[in-house]
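Now for the letters of each chain:
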Amino acid sequence: MRRKFVAGNWKMYKTPSEAETLAGDLKSAIGALNGAEMVVCPPYTALDRVNRVIQGSNIRLGAQDLHWEDQGAYTGKISHDMLKDVGVSHVIIGHSEQRTYFHETNETVNKKTVKALSSGLTPIVCVGETLDEREAGRMHDVVQSHVRGGYAGISKADALKTIIAYEPVWAIGTGKTATPEQAQEVHAFIRGLLKEMYDAEVAESLRILYGGSVKPDNAGELFSQPDIDGGLIGGAALKAPDFKAIVEAAS
Ligand code: PEP
C-alpha cells in the first residue's frame, strides 16, 4: 500500500516573511495530521525560516531545484549541502517551468537526480507533455523519454527512493485539469514503463503524483484513481485552507 504524498510548490512566490506566515498557518492547520506525507517547497530565501516554523510538525521541507555539482563557480545555483543544512529533505527536479524557461533537459534532470540520491535527498522527478505534444499524438513518447532519460543509470535501490510527478504542461497553472481518467491512463503507462526498466516491485512501490491545477474540488476524484498517489500542488499550495483540503482529500 503506497502512502499518499502531497507537495506544495510555492514557485517564485512569498518573501521570507510571507513564507513564515504561510508556514505558521499550515502548521496550525495540518501540522499534526499523519495521513498523507506532506512537503512544502518554498523559494530558497525562505527555506531556513520555514524550516524553523515547521519544526515539531509532520510537514517536511522541499526545495524547487538543485545543482548537480557539490560546489564551485556556478553563479545563481544551489548545492545539496546548502539545502540539507537548512533542513531540506526533498527536491523537485525537472519541473516543466525549468524545462521550458531554463534549458532543463533529460540529461540535466538525470544528473540532478543522481546527485540528490547520492546526497540523501528525495527527488521528486517531474515529467509531462505539452499540449502540442499531446495533440500530435506524442504524449507517450515524451513521457517515456522523460522517465527513461531522468532515470538513466539509476539502480533499482536508488529508484525505489524517488517519487515521480506527472504534470501535463497544459494543466499547470492554467485551471485546466486533466480528467481523472486522462491522468490515470498516463500514471498506469508510467508504472508499465517502470516495470520494463526495473521490475514489478519498483512499478508497484513508486509514488506517482499528479500535478496540474489540483484544487480542493477535484483532488478527491484524482487521488481516488488507482495509480495516483497524491499531488504536486502549485497555486492551491499558497492558501492554507486549500492546501489543507487537498491534504485531507489524500488522507
Ligand atoms: C506545479 O507548480 O507543479 C503545479 C502543478 O502548479 P498548479 O497547481 O498551479 O497548476
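Everything numeric here is computed off the predicted structure, so don't read it as measured data.

Trainee: In this structure, what is going on with the overall build of the protein chain? I would like to understand it.
Mentor: Per the secondary structure count, the protein chain includes 12 helices and eight strands. Its C-alpha radius of gyration of 17 Å places the protein chain within 12% of the 18 Å reference for a compact globule of 251 residues. Along the longest, intermediate and shortest principal axes, the C-alpha atoms of the protein chain span 45 × 45 × 35 Å. By the burial criterion, 54% of the 251 residues in the protein chain qualify as buried. Partitioning the intrachain contacts of the protein chain with sequence separation of at least 6 by distance along the chain shows that 72% fall at a separation of at least 24. With an accessible surface of roughly 10900 Å², the protein chain has 50% of that area assigned to carbon and sulfur atoms. Computing the positive centroid from 27 side-chain charges and the negative centroid from 32, the protein chain places the two 3 Å apart.

Trainee: I tried to follow the packing of helix H1 (residues 16-30) against helix H2 (residues 44-54) on my own but got confused; where do I start?
Mentor: Two packed helices can be described by the angle between their axes and the distance between those axes. Where H1 contacts H2, the axes come no closer than 9 Å and their chain directions differ by 30°. Judged by the angle between their axes, H1 and H2 are roughly parallel. By crossing handedness, the relation of H1 to H2 is classed as right-handed. Touching Pro16, Ser17, Ala19, Glu20, Ala23, Gly24 and Lys27 of H1 are Thr45, Ala46, Arg49, Val50, Val53 and Ile54, all from H2.

Trainee: Can you walk me through the confidence of the model for the protein chain in this structure?
Mentor: Low pLDDT marks regions whose predicted coordinates should not be analysed in detail. Of the residues in the protein chain, 100% have a pLDDT of 70 or more, and the chain-wide mean is 97. Looking at the elements of the protein chain, mean pLDDT is at its lowest for helix H6 (residues 131-135), recorded as 93, and at its highest for strand E3 (residues 59-63), recorded as 99.

Trainee: Mind showing me how you'd approach the sheet that holds E3 here?
Mentor: Hydrogen bonds between backbone groups are what pair the strands of a sheet, and the pairing can be parallel or antiparallel. As summarised here, the arrangement of the eight strands in space is E1-E2-E3-E4-E5-E6-E7-E8, forming a closed barrel in which the pairing is parallel. On average, each strand axis in the sheet is inclined to that of its neighbour by 25°, with strand direction left out of account. Note that strand E1 (residues 5-9) and strand E2 (residues 37-41) share five bridges and pair parallel. The residue of E2 that forms the bridge with Asn9 is Cys41.

Trainee: Hey, could you run me through H2 in this one?
Mentor: Turn by turn, an α-helix covers 3.6 residues, leaving residues three or four places apart pointing in a common direction. Of the positions making up H2, those classed as buried are Ala46, Leu47, Val50, Asn51, Val53 and Ile54. The buried side chains of H2 occupy one side of the element, clustering within an arc of 160° when seen end-on. Opposite the packed face of H2, turned more than 90 degrees from it, sit the exposed residues Thr45 and Arg52. Its buried side turned inward, H2 meets H1, E2, E3 and helix H3 (80-85). One or two steps after H2, the chain reaches Gly56, where phi turns positive at roughly 80°.

Conventions and cut-offs
- Residues numbered from 1 in each chain as written.
- Predicted model: local features only at pLDDT ≥ 70, side-chain atom pairs only at ≥ 80, totals over all residues.
- Heavy atoms only, no water.
- Helix = DSSP H or I, 4+ residues; strand = E, 2+ residues; numbered from the N terminus.
- Rg over C-alpha atoms; globule rule 2.2 N^0.38 Å.
- Buried < 20%, exposed > 50% of the residue type's maximum accessible area, 1.4 Å probe, protein only.
- Contact = heavy atoms within 4.5 Å.
- Areas by Shrake-Rupley, 256 points an atom, 1.4 Å probe, with all protein chains shown as cover.
- Lys, Arg positive; Asp, Glu negative; His and termini not counted.
- Charge placed at Lys NZ, Arg CZ, Asp CG, Glu CD.
- Axes fitted to C-alpha atoms, helices over the stretch in contact; angles between N-to-C directions.
- Parallel < 35°, antiparallel > 145°, perpendicular 65-115°, else oblique.
- Left-handed = near helix turned anticlockwise from the far one by under 90°.
- pLDDT = per-residue confidence, 0-100.
- Pairing = 2+ DSSP bridges.
- Arc of directions from axis to C-beta.

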